[in-house]
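Residue-level listing of the chains:
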Amino acid sequence: MQKQPPVESPPVSSIDVIRNAALSAFNELGYHGTSTREISKRAGIGVATLYHHFSSKQVILVDLVTTFFSGLLEGVDAAVEAAPDDPRAQLEACVREHIRFSIAHQSDGFVAVRDFRSLNDATMKKVLEQRVSEQRLFEQIIRRGVRSGVFDVDRPTDAARAIIQMCTAVMSWYQPDGNRTAEELAEIYVELSCRLVRAT
Amino acid sequence: MSQSGNESAAAVRTAALASFSELGYHGTSVREIARRSRLSVAALYHHFPSKELLLTELINHYMDDLLEAIGTAAEETTDLATKLLNVVKAHVQFHLERREEGRVGNAELSRLGPDARTEVLRKRSAERQLFQEIVDQGVDQKVFAVAHRREAVRAILEMSTAVLDLYDEADRRDPARLANSYGRLALNVVGYAGTPDPARR
């Protein structure tokens, strides 16, 4: 194995080490199957140090899930802002960003989607609000497109949800070493989404 | 198995599903399933020699019923657009009705042993194949027009599976409406331009 090149790597805080250890354990064993001891073992720190940063396993999951969904929502929001004032261009930008972000943060996203039901009620409510906000954003764009005659669907709410669902599922099967790059896949999903709303 | 034996086995299945759903497979002990099904651990082992066997049976049962539901829907008509519409509707309704099993099956598939897992993946592949054949025939006969056939099928399957993830109270009361709506969206995805979407673009 090659030695690390002698360049400065960014300092990794114990918080990041714990986050990564928890992520790999959740990914592999599921939230319920992961003990705090397992996380501290993977992080190479004592349980006491772990508790110093995170008071419970739940706090780590909350951090992981809310960070993922906030980032996704911010990314999609920014993509719409940056897009031309045109429903089709905005829908394309949303889908492109959703796929890009999901693949860039695939392990976090996979755990966030699969294990979000293990969140406490208050956090689950907050996360659901974030997910619903994204859906509303898609929905508003689709409604504008229907009004201006460039999209043709009866129920923009269902169309928005269906698009988000098909895009979100990408995290559960995408393989970086497979036959499509994230960019290629994003363009295919852009095309399928435009078809779904019968874009002209 | 005796009548009471059948009842016990059913109680164990229900208890196992509830426990896997709430605590996860890893978080569920055989003792916990026994407690929930009001049986002794020994009696539980009599019906199911292992926790893994319970999970295997649960997932297989779900997949068999799903394949039967979409297979029946596909046989109702020879018209390809109606066939795709019906199959998506059946798929969505099935996932809404059996949400809990679907979630557990998805989340815990990796816990199965290699043989059991292969068997489930074979059934999933049969599910995808049923959709793929309809779409392929539709494209060949120029009823549908979509360049990325495989991706289109994957997208349709995903949207009509993940329906169990985010949906609101109104849909809970009216799964048939949502199923029909998704069926029409699926026809859009494959570029179907005829009825039941008469407004050709």
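Before any of the text, the structure's been laid out above.
We now turn to the structure provided with this report. For clarity, every value in this text was computed on a predicted model and none was experimentally measured.

Cut-off values and rules
- Residues numbered from 1 in each chain as written.
- Chains lettered and ligands numbered in written order.
- Predicted model: local features only at pLDDT ≥ 70, side-chain atom pairs only at ≥ 80, totals over all residues.
- Heavy atoms only, no water.
- Helix = DSSP H or I, 4+ residues; strand = E, 2+ residues; numbered from the N terminus.
- Buried < 20%, exposed > 50% of the residue type's maximum accessible area, 1.4 Å probe, protein only.
- Areas by Shrake-Rupley, 256 points an atom, 1.4 Å probe, with all protein chains shown as cover.
- Lys, Arg positive; Asp, Glu negative; His and termini not counted.
- Charge placed at Lys NZ, Arg CZ, Asp CG, Glu CD.
- Expected span 1.5 Å × (residues − 1).
- Contact = heavy atoms within 4.5 Å.
- Buried area = accessible area lost by both parts, 1.4 Å probe.
- Salt bridge = Lys/Arg side-chain N within 4 Å of Asp/Glu carboxyl O.
- Polar contact = N/O pair within 3.5 Å; in protein donor to acceptor, adjacent residues only side chain to side chain.
- Axes fitted to C-alpha atoms, helices over the stretch in contact; angles between N-to-C directions.
- Parallel < 35°, antiparallel > 145°, perpendicular 65-115°, else oblique.
- Left-handed = near helix turned anticlockwise from the far one by under 90°.
- Nonpolar A, V, L, I, M, F, W, Y, C, P; charged D, E, K, R; others polar.
- Phe/Tyr/Trp six-rings, centres within 6.5 Å; stacked < 30°, edge-to-face > 60°.
- Lys NZ or Arg CZ within 6 Å of the ring centre and 35° of its normal.

**What about the overall build of chain A?**
Counting its secondary structure elements, chain A contains ten helices and zero strands. Each helix (α) and strand (β) of chain A, taken in turn from the N terminus, gives the series α-α-α-α-α-α-α-α-α-α. Seen through its principal axes, chain A has C-alpha atoms that stretch 60 × 45 × 25 Å. Burial analysis of chain A (200 residues in total) assigns 52% to the buried set. If you sum the accessible surface of chain A, you get close to 9800 Å²; carbon and sulfur atoms cover 51% of it. Looking at chain A, you have 23 positive and 26 negative side-chain charges, and the mean spots of the two groups are 5 Å apart.

**Here's the deal with helix α10 (residues 182–196) of chain A**
Taking 1.5 Å per residue, 15 residues should reach 21 Å; α10(A) reaches 21 Å between its end C-alpha atoms and fits that length. Most of α10(A) is tucked away, with eleven of its 15 residues classed as buried. Turning to α10(A), its buried residues are A182(A), L185(A), A186(A), I188(A), Y189(A), V190(A), L192(A), S193(A), C194(A), R195(A) and L196(A). For α10(A), the secondary structure elements touched by its buried residues are α5 (87–104), α8 (156–168) and α9 (170–173) of chain A together with α8 (149–161) and α10 (175–189) of chain B. Phi turns positive one or two residues past the end of α10(A), at R198(A), with a value near 50 degrees.

**Comments concerning the interface of chain A and chain B**
Listed per partner, the contact involves 34 residues of chain A and 41 residues of chain B. Both sides of the chain A and chain B interface together cover about 3100 Å² of buried area, and 51% of this is carbon and sulfur. Per-residue buried area on chain A facing chain B is highest for Q165(A), R195(A) and R198(A); these three make up 22% of the total on that side. For the pair chain A and chain B, the interface holds three salt bridges. The salt bridge involving D154(A) is made with R184(B); its shortest N-O contact spans 3.6 Å. Linking chain A to chain B there are 15 residue pairs in polar contact (both at pLDDT 80 or more).

**Considering helix α2 (residues 36–43) of chain A**
Residue and element names in this part refer to chain A. Among all positions of α2, only T36, E38, I39, S40 and A43 are buried. Along its buried surface, α2 packs onto α1 (14–33), α3 (47–53) and α4 (57–82). Downstream of α2 by one or two residues, G44 has phi in the positive range, about 70 degrees.

**Considering the packing of helix α4 (residues 51–75) of chain B against helix α5 (residues 80–97) of chain B**
What describes two packed helices is the angle between their axes and the distance between those same axes. All names here are of chain B. With their axes 8 Å apart at the nearest point, α4 and α5 run at an angle of 150 degrees to one another. Accordingly, the angle class assigned to the pair α4 and α5 is roughly antiparallel. When the axes of α4 and α5 are compared, the crossing they make is right-handed. Where α4 approaches α5, its residues Y62, D65, L66, A69, I70, A73 and A74 are matched on the opposing element by K83, N86, V87, A90, H91, F94 and H95. When grouped by side-chain class, the residues that make up the contact of α4 with α5 number nine nonpolar, three polar and two charged.

**Things to note about the packing of aromatic side chains**
Using the criterion set out here, one finds seven aromatic pairs over all chains in the structure. Judged by centre distance (5.2 Å) and plane angle (80 degrees), the ring pair of F68(A) and F69(A) falls under edge-to-face. Summarising the burial analysis for this pair, F68(A) and F69(A) share the class buried. Cluster of aromatic residues (ring-pair linked, three or more members): F68(A), F69(A) and F101(A). The ring of F116(A) carries the charged tip of R131(A) above its face, separated from the ring centre by 5.0 Å. The lysine or arginine in question, R154(B), covers the ring of W173(A), its NZ or CZ lying 3.6 Å from the ring centre.

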